[in-house]
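What the coordinates show
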Amino acid sequence: MGLHLAPSFLFTLFLAIALSNVVLADDININPPVIYDARSLIINGSRQLLFSGSIHYPRTQPEMWPGLIEKAKAGGLNVIQTYVFWNVHEPVEGQFNFAGNADLVRFIKCIHEHGLWVNLRVGPYIAAEWNHGGFPYWLREVANITFRSYNEPFMYHMRRYSEMIINMMKNEKLFFPQGGPIIMAQIENEYGAVQATYREDGAKYIQWAAEMAVGLYRDIPWVMCKQPNAPSLVIETCNGRHCADTFKGPNGPDKPTLWTENWTAQYRAFGDPSSQRSAEDLAFSVANFFAKNGTFVNYYMYYGGTNYGRTSSSFVTTRYYDEAPLDEYGLLREPKWGHLRDVHRALRLSKKALFWGQMSSKRIGKYVEIVTYEKPGDASMCAAFLINNHTKLPKTINFRGLSYYVPSKSISILPDCKTVVFNSQTIIAQHSSRNFVPSRKASNFKWESYRETIPTYNDLPIKDTIPRELYQLTKDASDYAWYSTSFLIDRRDLPMRPDIIPVLEVQNNGHAMVAFVNGEFIGFAHGTLDQKKFSLQRPVNLRPGLNHITLLGMTIGIQNSGAHMEKRWAGPDAVLIKGLNTGTLDLTETNWGHEVGISGEKIPLFLEEGSRKVQWSQDTGLGNSVTWYKTHFKAPEGNNPVAITMDSMNKGMIWVNGNSIGRYWSSFLTPRGRPSQTEYHIPREFLKPKNNLLVVFEEVGGTPENITIMTVNRDTICSVISEVTPPSVKTWERKENELRKVLLVEDMKTGARLTCPDDKVIVDVEFASFGDPIGACGVFSLGTCHSPNSMSVVLERCLGKHSCTIPLAREAFYLAGNIDTCPEIFKSLAVQVRCGKSSMP
């Protein structure tokens, strides 16, 4: 294996020798460059197994950062990955924002304070289901620009921005060689998907991007993800769900195998059904990747977060990657969090063999593979992976004179080539179920409403012969823009029969629209993530004389990916009146008035001061379109996270104390007839003890009476342990080059262990069964085999305790003459308990 030294390494070495007799205060914490070879990154002279998780600072609040990072570290991570969000930091050309949850430096320093490293994805194109892929809107209006191509206007701004970010990191001494946490950076993002579109300019651009990035800072590795034939200066990395199987490897013998995005679930667009990825599948993919020479994996996302305000890309829900190991509220999603923690520990127990042993692979039949890493002549340095790729059948694998039971589609890890310390299909970590509890304090709302005035052509300041393109009109300053035209109708143009009514047809390039005729609400229509174009067709009542058509055009974020993003468009394309006696009337070129935004945004009604500038009325419950609603509420009891339900509304936006919670869209149902998102996160940091202002803008028509504020917990915890479950990986440690049992650590094979979150205790046992229970946490039920003593055993062991262990022994459950009616089957113990505050003083 060739060793890759960053270009400045020899200079750094020479300088260190030259100054060996001079110690400067600023040099005490200086580290050597981060280098790499084909096996791994080498940090401060040491090879590292790197377990990383994506946490995006704008998708959370600064007050949450320490807690999220602490939980990530407890989950076995040693790296945090984040994008850098150009449109957050430079929303207006030359005007910069690094305040609040845009404080990138503070976020990186917070990671450093917790002892973790950073993988910084500079972009500047990031995708990330983020508005415009991270590009600020003003970039579209630069003359002669072509995004992500060998185009001088684009490269000028990309370099200027990248240089600003890198210099900021250098000035704050945040790169690892300076004593900071940043060990790796990324330039561009998944460019391989669009490179062919730009032909020669694509190849020239990607080479330029690599040279530009490395030129800005040379002492850490730079990567490009999903970039076949990446320039030699950077490392090509994999994105996907199963990179052990899909990644052909980096394009160079001196580059390590890195995985920058292991998708922990799937982001959702409005209208999408629920999507999940199991903890078992995630753990399998990680173990398989490290068995195949991998040394870095990043979970995308590790904390999903929230798309506050207007930050999501087109049609993406406000909730982002809620199925991550840390859910939207920052709570541990178990067993995903715990099962990944366990695979990290198992791989670390195998670290020396993985780095210094020789790899060999043996296939047994179609489905079984045994991968070993061992150092000849050193029995203490051996690790093995027993891999069963059959999706339905378990396998018994004979390895070095012993038989090992390996469940279907699973990997067993043997850090000493003898002892199974982890199996990807066998979950020992506890489970949890999320609960939404209506708040007692934040209730009894008194709603007031204020309806937007429906403008006509003469009311609107921007005139044109045709409806203007929506992106160019709004310049991403608002989701909304008014369009209106007026036209004359002669009585003889109208149908004479009462059963024939003219039809308004609006052909629209996206994304959504509300239509009015003579101030009357006519209808709402929208596109989808995959088909943004749509057509609205509604019967309309026209009158002889002057008529007004008014449209409220809406964007739902700007597309985040694809070639030629600077040329995407949206908005009304053709407006027709059909069914007149004189035929179809084309109103597309009859002169249109326009206005960006709605009046309530400009006042603004979502602030206390702005809300006092209009006359509010007591809400009548009629559910009008383009209507603002407001109320006040007390902060919910306790310290648990807070959410709001919007099921009774249709589509719009939410603000709390002037902070945008994001877009809601309850009427866009999944194929199962449910909204894609039902609860919306209100960070506790947005709340005061009382008199919190809640403002909702409803676009289509909904009634706010059923809006509910709730607290969120994962106080329902569970354990499912089988008699064939191996000991917990926490039972083992490596000491003096030997795998040994940890003293004073309970063997999880002997019992199911439950631990309440925070300082809570077990206040109720909701389910207990030793036998063959079925279901999952929150929905358990009895099977055909069940010990009647199950509940009493668990109550005795657990009630009133912060944590407890229930024995996994038949003699513990068959007492007082009870007969085991199913002795021939392997049994499981399923327990579900509820945690809460102790009633003890």
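What counts, and at which threshold
- Residues numbered from 1 in each chain as written.
- Predicted model: local features only at pLDDT ≥ 70, side-chain atom pairs only at ≥ 80, totals over all residues.
- Heavy atoms only, no water.
- UniProt positions renumbered as here; feature names shortened; annotations may be inferred.
- 1 Å grid on protein atoms, 1.4 Å probe; cavity = no way out; pocket = protein on both sides within 12 Å on 5 of 7 lines; lining within 4 Å.
- Points joined across faces, edges and corners; volume = space filled by probe spheres on them.
- Nonpolar A, V, L, I, M, F, W, Y, C, P; charged D, E, K, R; others polar.
- Buried < 20%, exposed > 50% of the residue type's maximum accessible area, 1.4 Å probe, protein only.
- Helix = DSSP H or I, 4+ residues; strand = E, 2+ residues; numbered from the N terminus.
- Arc of directions from axis to C-beta.
- Contact = heavy atoms within 4.5 Å.
- Pairing = 2+ DSSP bridges.
- Axes fitted to C-alpha atoms, helices over the stretch in contact; angles between N-to-C directions.
- Right-handed = clockwise from strand over helix to strand, strands pointing away.
- Expected span 1.5 Å × (residues − 1).
- Disulfide = S-S within 2.5 Å.
- pLDDT = per-residue confidence, 0-100.
- Salt bridge = Lys/Arg side-chain N within 4 Å of Asp/Glu carboxyl O.
- Phe/Tyr/Trp six-rings, centres within 6.5 Å; stacked < 30°, edge-to-face > 60°.

Under an unreviewed UniProt entry, the name given to the protein chain is Beta-galactosidase, and the source organism is Heracleum sosnowskyi. Listed under Sequence similarities (unreviewed entry) in UniProt, the entry text for the protein chain is "Belongs to the glycosyl hydrolase 35 family." Comment text from UniProt for the protein chain, heading Catalytic activity (unreviewed entry), reads "Hydrolysis of terminal non-reducing beta-D-galactose residues in beta-D-galactosides."

A few words on empty space enclosed by the protein. Following the criterion strictly, the structure yields 3 cavities of 30 Å³ or more and no others. A volume near 80 Å³ is recorded for the largest cavity. Around the largest cavity sit Gln266, Tyr267, Arg268, Ser275, Thr317, Arg319, Tyr320, Tyr321, Asp322 and Glu323, which together line it. Residue composition of the lining of the largest cavity, grouped by class: 3 nonpolar, 3 polar and 4 charged. Each pocket or cavity is described by its volume, and for the second largest cavity that value is around 60 Å³. His339, Asp342, Val421, Phe422, Asn423, Thr426, Ile428, Pro726, Pro727, Ser728 and Val729 are the residues that line the second largest cavity.

This part is about helix H2 (residues 65-74). Those residues of H2 not exposed but buried are Trp65, Leu68, Ile69 and Ala72. Down the axis of H2, the smallest arc covering the buried residues is 95°, so these residues share one side. Looking at the buried residues of H2, the elements they touch are strand S6 (79-83) and helix H4 (104-113). Positive backbone phi, approximately 95°, marks Gly76, located one or two places after H2.

Read around the closed barrel, the 8 strands follow the order S5-S6-S7-S8-S9-S10-S11-S12; overall the barrel is parallel. Looking at each pair of strands side by side, their axes are set apart by 30° on average, direction ignored. Here strand S11 (residues 257-263) pairs with strand S12 (residues 294-300) via 5 bridges, running parallel. Within S12, the position partnered with Trp259 by the bridge is Val297. Packing of helix H5 (residues 152-171) onto the sheet brings it into contact with strand S7 (117-123), strand S8 (182-187) and strand S9 (222-225), and relative to S7 it is tilted by some 160°.

Extensive coverage of S6 is indicated by the burial of 5 of its 5 residues. Judged by which residues are buried, S6 turns out to be covered on both faces: Val79, Gln81 and Tyr83 on one side and Ile80 and Thr82 on the other are all buried. Pairing between strand S5 (residues 50-54) and S6: 3 bridges, direction parallel. Bridged to Gly53 within S6 is Ile80. Crossover S5 to S6 through H2 is right-handed. Of the strand pairs in this sheet, S6 and S7 are connected by 5 bridges, and their pairing is parallel. Of the residues in S7, the one forming a bridge with Gln81 is Asn119.

Attention now goes to helix H8 (residues 279-291). The terminal C-alpha atoms of H8 lie 18 Å apart, and with 13 residues this matches the ideal 18 Å at 1.5 Å per residue to within 8%. Taken together, the buried positions of H8 are occupied by Ala279, Leu282, Ala283, Phe284, Ser285, Val286, Ala287, Asn288, Phe289, Phe290 and Ala291. The positive-phi residue at the C-terminal boundary of H8 is Asn293, with phi of around 90°.

Inspection of the entire model under this criterion finds 6 disulfides. Across a sulfur-sulfur distance of 2.1 Å, Cys798 and Cys804 are joined as a disulfide pair. Around the S-S axis, the bridge from Cys798 to Cys804 shows a dihedral of about 85° and counts as right-handed. Side by side, Cys798 and Cys804 carry an identical accessibility label, which is buried. Here the cysteine-cysteine linkages of the protein chain are recorded as 1-2, 3-4, 5-7, 6-12, 8-11, 9-10, numbering only bonded cysteines and doing so in sequence order. We note that Cys225 lacks a disulfide partner, and the nearest cysteine sulfur, in Cys238, lies 9.4 Å from it. Cys225 gets classed as buried once you look at its relative accessible area, which sits at 1%.

Now for the confidence of the model for the protein chain. Put simply, the protein chain has an average pLDDT of 93, and 95% of its residues get 70 or more. Taken as a whole, residues 5-28 scores under 50 in pLDDT and shows 10 contacts with residues more than four places along the chain or in a different chain.

Below, the discussion takes up the pattern of salt bridges. Pairs may arise between side chains of opposite charge once their charged atoms sit close together. Applying the stated criterion across every chain, the model contains 37 salt bridges. The partner of Arg310 in a salt bridge is Asp479, with the nearest N and O atoms 2.8 Å apart. Of this pair, Arg310 sits in the loop between S12 and helix H9 (336-349) while Asp479 sits in the loop between helix H11 (470-474) and strand S23 (480-489), placing them 169 residues apart in sequence. Both residues of the pair, Arg310 and Asp479, count as buried. Notably, a salt bridge pairs Asp322 with Arg319, separated by 4.0 Å at the nearest N-O pair.

What follows covers the packing of aromatic side chains. In this description, a pair of aromatic rings is defined by centroid distance and the angle of the planes. Taken as a whole and judged by the stated rule, the model has 44 aromatic pairs. Aromatic side chains Phe445 and Phe633 sit 6.3 Å apart centroid to centroid with 75° between the ring planes, which places their arrangement in the edge-to-face category. With Phe445 in the loop between strand S20 (431-438) and strand S21 (448-451) and Phe633 in strand S33 (residues 627-633), this pair connects stretches of sequence that are 188 residues apart. Just as Phe445 is buried, Phe633 falls in that class too. With 6.3 Å between their ring centres and 70° between their planes, Phe524 and Trp665 make a pair best called edge-to-face. A residue pair is termed long-range when its members are at least 10 positions apart, and Phe524 in strand S26 (residues 520-526) and Trp665 in strand S36 (residues 659-665) qualify at 141 residues. The buried category is assigned to Phe524, whose relative accessible area is 14%.

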